[in-house]
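Fold and contact review
Take a look at the letters that make up each chain.
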Amino acid sequence: VKPHYGIYTDMNAIRADEELGNLHSLYVDQWDWEQSIKEEDRTLEYLKDTVKSIYSALKETEYLIYEEFPHITPRLPKEIKFIHSQELLDMFPDLPAKEREAEAAKKYGAIFLIGIGAPLSNGEPHDGRAPDYDDWITPNSDGFQGLNGDILLWDDILETPFELSSMGIRVSPKSLMQQLEARNCTERTSLTFHRTLLAGELPLSIGGGIGQSRLCMFLLQKAHIGEVQASIWPEEQIETCRKHGIMLV
């Protein structure tokens, strides 16, 4: 695939062990995408520009929905706020990671949290990230580590941060080895993907996933993902939702 072109898949899957709730279903549907890039594109600036493009599409879609259904008031802020996970720790040093996310998402409305996977100043990563997925170890132009992140929106219906996308610039041969060594799993170098990437036979890329039902849920301002997709729910959860006027598909 030539640089700046890419592929996407309309992914449908079952996560049988998922803990079911307002944001989680057994049935998973998302767009997974990958864009081929050049070596010089492996920068924080390129990552941010890509995030801005995605966010611009979200804003436009939200407005189109408002034009069709005027009772659904747009709530996304004008711009998405970029914050590194180390900056977030510095802002809220006494809070656990998920509560730090909630404070920032509530304050800004939409954030892109950068650098998920590498240890922070407290010795812990903000959250787990596979060593052979996004690049979380490479130093960036902001003086931190990481070329990856999550798009988080504030959902004022559930009063919670809403993870819409996990994405980032993918590992290069160099960062793949560094991350495998950091996680003590260099035996993975014998696997087909790892071996091929290390041999320089795969293009560099950026990519991620966007939850389809989550996007519909947010834009239509629903309280439960079962309002926009057909899935299987425990009878107790169905009854609880019914008592609150929420009818699951």
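Here, the structure is the one placed above.
Residues numbered from 1 in each chain as written. Predicted model: local features only at pLDDT ≥ 70, side-chain atom pairs only at ≥ 80, totals over all residues. Heavy atoms only, no water.

Digging into helix H1 (residues 44-68)
Note on helix geometry: an α-helix contains 3.6 residues per turn, so any two residues three or four positions apart are oriented the same way. To keep it simple, the criterion reads: For the purposes of this entry, the term helix denotes a DSSP run of H or I that reaches at least four residues, the term strand denotes a run of E that reaches at least two, and both are numbered from the N terminus. Each residue after the first adds 1.5 Å to the expected span of a helix. Note on classification: 1.4 Å probe, protein chains only; a residue is buried when its accessible area is under 20% of the maximum for its type, exposed when over 50%, partly exposed between these limits.
With 25 residues, H1 should cover 36 Å at 1.5 Å per step; its first-to-last C-alpha distance of 36 Å lies within 8% of that length. Every buried residue of H1 is listed here: Leu44, Tyr46, Leu47, Thr50, Val51, Ile54, Tyr55, Leu58, Glu62 and Ile65.

Observations concerning a nonpolar patch on the surface
This is how it is decided: For patches, a residue must show more than 30% relative accessible area and have no salt bridge; joins then use 9 Å for like charges and 5 Å for nonpolar side chains, namely Val, Leu, Ile, Met, Phe, Trp and Tyr. The protein chains shown are the only cover counted for residues, whose accessible areas, like all others here, come from Shrake-Rupley with a 1.4 Å probe. By convention in these notes, a salt bridge is any Lys or Arg side-chain nitrogen within 4 Å of a carboxyl oxygen on Asp or Glu.
Residues Val1, Tyr5 and Ile7 make up a contiguous nonpolar surface patch of roughly 370 Å² in combined accessible area. Within the secondary structure, Tyr5 sits in the segment before strand E1 (6-14). Look at Tyr5 and you get exposed, because its relative accessible area is 57%.

A short note on the state of the cysteines
To keep it simple, the criterion reads: Sulfur atoms of two cysteines make up a disulfide when they are within 2.5 Å.
Taken as a whole, this structure holds 0 disulfides when the rule is applied. Here Cys216 is not disulfide-linked; the sulfur of Cys241 is the nearest cysteine sulfur, at 18 Å. Exposure remark for Cys216: the relative accessible area of 37% places this residue in the partly exposed category.

Considering the side chain of Asp134
As a reminder, the rule being used: Residue contacts are defined here by distance: any two heavy atoms, one from each residue, within 4.5 Å place the two residues in contact.
Here Asp134 is to be found in the loop between strand E4 (110-114) and strand E5 (148-155). Beyond its immediate stretch of four places on either side in the chain, Asp134 contacts Arg129, Asn148, Ser166, Met167, Gly168, Ile169, Arg170, Val171 and Gln179.

A word on the nonpolar core
For clarity, the threshold we go by: Definition used in this section: a nonpolar core is a set of buried Ala, Val, Leu, Ile, Met, Phe, Trp, Tyr and Cys residues joined via side-chain atoms within 4.5 Å.
Grouped together as the largest cluster of nonpolar side chains are 38 residues, with contacts concentrated most on Phe112, Ile151 and Leu153. Those elements giving two or more residues to this core turn out to be strand E2 (27-37), H1, E4, E5, strand E6 (160-169), strand E7 (204-211) and helix H6 (212-219). Per element, the largest residue contribution to this core is 8 residues, and it comes from H1. Residues Ile83, Phe92, Leu113 and Leu152 belong to the second largest nonpolar core, which totals 8 residues.

A short note on the environment of Asn122
Applicable threshold: Any pair of N or O atoms that falls within 3.5 Å is considered a polar contact. Within protein, one atom must be able to donate a hydrogen and the other to accept it, and sequence-neighbouring residues count only if both atoms are side-chain atoms.
By the element assignment, Asn122 lies in the loop between E4 and E5. Separated by 33 residues in the primary sequence, Asn122 and Leu89 have C-alpha atoms spaced 8.5 Å apart. Within the structure, Asn122 has its side chain in polar contact with the backbone nitrogen of Glu124 (distance 3.0 Å).

With respect to the environment of Glu67
Its place among the elements puts Glu67 in helix H1. The class for Glu67 is partly exposed, based on a relative accessible area of 49%. As a C-alpha pair, Glu67 and Gln221 span 154 residues in sequence and 15 Å in three-dimensional space.

A word on the sheet that holds strand E3 (residues 81-84)
To be explicit about the condition: By definition, two strands form a pair when at least two bridges between them are found by DSSP. Think of each axis as a best-fit line through the C-alpha atoms, taken over the contacting stretch in the case of a helix, with angles from 0 to 180 degrees between the N-to-C directions.
Strand order in the open sheet made by the 7 strands is E1-E2-E7-E6-E5-E4-E3, with mixed pairing throughout. At either end of the open sheet lies a strand with only one pairing partner, and these are E1 and E3. Neighbouring strand axes in the sheet, compared pairwise and without regard to direction, differ in orientation by 25° on average. Bridge count for E4 against E5 is 5 bridges, and the pairing is antiparallel.

Describing the environment of Thr73
Within the fold, Thr73 resides in the loop between H1 and E3. For Thr73 and Leu220, which are 147 residues apart along the polypeptide, the C-alpha to C-alpha distance reads 9.6 Å. Residue contacts for Thr73: discarding those within four places in its chain leaves Tyr66 and Gln221.

A few points about the packing of aromatic side chains
Here the distance between the centres and the angle between the planes together describe a pair of aromatic rings. Note the threshold: Classification of ring pairs rests on two measures: the distance between centres of Phe, Tyr or Trp rings, Trp counted by its six-membered ring, which must be within 6.5 Å, and the angle between planes, read as stacked under 30 degrees, edge-to-face over 60 and tilted in between. Here, a charge over a ring means that NZ of Lys or CZ of Arg falls within 6 Å of the ring centre while also lying within 35 degrees of the ring normal.
What the rule picks out here adds up to 3 aromatic pairs. Here the aromatic rings of Tyr63 and Tyr66 are separated by 6.0 Å at their centres, their planes lie at 50°, and the arrangement is tilted. Of this pair, Tyr63 and Tyr66 are both found in helix H1, 3 residues apart, which corresponds to roughly one turn of the helix. Their ring planes at 70° and their centres at 6.0 Å tell us that Phe82 and Phe112 sit as a pair that is edge-to-face. Remark: Phe112 occurs in strand E4 and Phe82 occurs in strand E3; sequence separation between them is 30 residues. Taken as a pair, Phe82 and Phe112 share a single burial class, namely buried. In this arrangement the basic side chain of Arg75 is found over the ring face of Phe218, its NZ or CZ atom lying 4.0 Å from the centre.

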